[in-house]
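Close look at the chain arrangement
What follows is each chain in one-letter form.
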Amino acid sequence: AQTVTQSQPEMSVQEAETVTLSCTYDTSENNYYLFWYKQPPSRQMILVIRQEAYKQQNATENRFSVNFQKAAKSFSLKISDSQLGDTAMYFCAFFPANAGGTSYGKLTFGQGTILTVHP
Amino acid sequence: ETGVTQTPRHLVMGMTNKKSLKCEQHLGHNAMYWYKQSAKKPLELMFVYSLEERVENNSVPSRFSPECPNSSHLFLHLHTLQPEDSALYLCASSLGQGLPYEQYFGPGTRLTVT
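Overview of the structure.

What follows is about the side chain of Thr-109 of chain B. Residue and element names in this part refer to chain B. Of note, Thr-109 is situated in strand β11 (residues 109-113). You can call Thr-109 buried: its relative accessible area is 0%. Excluding its chain neighbours within four sequence positions, the residues that come into contact with Thr-109 are Gln-6, Thr-7, Pro-8, Arg-9, Leu-11, Leu-21, Ala-87, Leu-88 and Tyr-89.

Quick look at the structure:
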């Protein structure tokens, strides 16, 4: 079974600054995906960014980038040039990629980090 | 909106009531999911349906009963709930159960059991 840990329950950042959200995970799988999801106050969760474990290059989506350290089982999210619309709860999630395993098809989420962007 | 809708958005029910939550996806997806989101806890996967067949029941009490009549609709029937069942219930869908299929979430139903 997998576990995902987000050690920062809440964080805040000033508009236009950069913030990094932490995530660590524990797994015996060697092939998996990692995700960051964003849940704004309206509650509809959306995918922010995805990282494939077999790719060494860190994923980037506009102002969002990750620092994926496979050996350390760490997957942090960096938000650059923070905007007021980035205020949300952010979830880190793990997805095993080996078909046929007992956890296949299941997303395991962390506890979430509430990010507040201040003007 | 991401193409996954849920009704009602808010529901208050007594412990002896029977109610149903509805989820509908307009994305042509084949897999649908129910999650429970409680305060200060990770999202908990409850049920997974793939091509209208239940493929996962994550040790959920029988007072929660899912139904998937077709690939576009998913229901969660509730009866004799407990106050600790109060939570946000999220529905999600994906093109298939496996990778590389992203899950799209609905806005959730905020359930309060009194």
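This is not the end of the story, as more comes after the structure.
Pairing between side chains of opposite charge can happen when their charged atoms approach one another. Residues and elements named next belong to chain B. Enumeration over the complete set of coordinates arrives at six salt bridges over all chains. Note that Arg-63 and Asp-85 form a salt bridge whose closest N and O atoms lie 2.7 Å from each other. Taken together, the residues span a long stretch of sequence, with Arg-63 in the loop between β6 (53-57) and β7 (64-70) and Asp-85 in the loop between β8 (73-79) and β9 (87-94) at a distance of 22 residues. Across the pair, Asp-85 and Arg-63 agree in class, each one buried.

A few words now on the nonpolar core. Ranked by size, the top nonpolar core spans 25 residues in total, and within it Tyr-25, Trp-36, Phe-75, Leu-77 and Tyr-90 of chain A carry the most contacts. Tallying contributions element by element places strand β10 (residues 88-96) of chain A first for this core, with four residues. Once residues within four sequence positions are removed from consideration, Tyr-90 of chain A is found in contact with Gln-6, Leu-21, Trp-36, Tyr-37, Lys-38, Val-48, Phe-64, Leu-77, Ile-79, Gly-112, Thr-113 and Leu-115 of chain A. Formed by 22 residues, the second largest nonpolar core is a distinct cluster that contains Cys-23, Met-46, Tyr-49 and Leu-76 of chain B.

With that settled, consider the interface of chain A and chain B. On the chain B side, the residues contacting the 23 residues of chain A number 25 residues. Buried surface at the junction of chain A and chain B, both sides included, amounts to about 1,900 Å², of which 56% is carbon and sulfur. On the chain A side of the interface with chain B, the three residues burying the most area are Arg-43, Gln-44 and Phe-109 of chain A, jointly 29% of the side's total. Our enumeration of links across chain A and chain B arrives at zero salt bridges. Counting the contacts that link chain A with chain B gives two residue pairs in polar contact (both at pLDDT 80 or more). Mapped onto the side of chain A that touches chain B, the elements with two or more residues apiece are β5 (32-39), β6 (46-52) and β10 of chain A. Across the side of chain A that touches chain B, the residue classes break down as 14 nonpolar, six polar and three charged.

All names here are of chain B. Only one face of strand β1 (residues 4-7) is covered, namely the face carrying Val-4 and Gln-6; the face carrying Thr-5 and Thr-7 is uncovered. Here β1 pairs with strand β3 (residues 18-25) via four bridges, running antiparallel. Across the sheet, residue Gln-6 finds its bridge partner in β3, namely Cys-23.

Residues and elements named next belong to chain B. Inspection of every chain in the model, using the stated rule, returns two disulfides over all chains. Between Cys-23 and Cys-91 runs a disulfide, and the two sulfur atoms are separated by 1.9 Å. On the sign convention where negative is left-handed, the bridge of Cys-23 and Cys-91, at about -70° about the S-S bond, is left-handed. Separated by 68 residues along the polypeptide, Cys-23 in strand β3 and Cys-91 in strand β9 bring together distant segments of the chain. Cys-91 sits in the buried class, given a relative accessible area of 0%. Left unpaired, Cys-68 is separated from the closest cysteine sulfur, that of Cys-91, by 9.1 Å. Its relative accessible area of 11% is what places Cys-68 among the buried residues.

Cut-off values and rules
As a convention, each chain's residues are numbered from 1 in the sequence order in which they are written. Chains and ligands are labelled sequentially in the order written, the chains with letters from A and the ligands with numbers from 1. Per-residue local features are limited, in this predicted model, to residues with pLDDT of at least 70; the limit for side-chain atom pairs, both in listing and counting, is 80 or more; totals at the level of whole chains, interfaces and linings are taken over all residues. Calculation of side-chain values draws on the structure's entire complement of heavy atoms; hydrogens and water are dropped beforehand. Labels follow the DSSP assignment, with helices taken as runs of H or I lasting at least four residues and strands as runs of E lasting at least two, numbered in each case from the N terminus. Whether a residue is buried, partly exposed or exposed follows from its accessible area with a 1.4 Å probe, protein chains only, as a fraction of its type maximum: under 20%, in between, or over 50%, in that order. Whether two residues are in contact is decided by their heavy atoms, any of which lying within 4.5 Å being enough. Criterion for a salt bridge: a side-chain nitrogen of Lys or Arg within 4 Å of a carboxyl oxygen of Asp or Glu. In plain words, nonpolar cores are sets of buried Ala, Val, Leu, Ile, Met, Phe, Trp, Tyr and Cys residues tied together by side-chain atoms within 4.5 Å. A simple way to read buried area is as the amount of 1.4 Å-probe accessible surface that goes missing from two parts once joined, with both sides added. In the analysis that follows, any N or O atom pair within 3.5 Å is treated as a polar contact, provided that within protein one partner can donate a hydrogen and the other can accept it, and provided that, for residues neighboring in sequence, both atoms belong to side chains. In this classification, the charged set is Asp, Glu, Lys and Arg, the nonpolar set is Ala, Val, Leu, Ile, Met, Phe, Trp, Tyr, Cys and Pro, and all remaining amino acids, among them Gly, are polar. Here, strands pair whenever DSSP counts at least two bridges between them. Cysteine sulfur pairs qualify as disulfides if the two atoms are within 2.5 Å.

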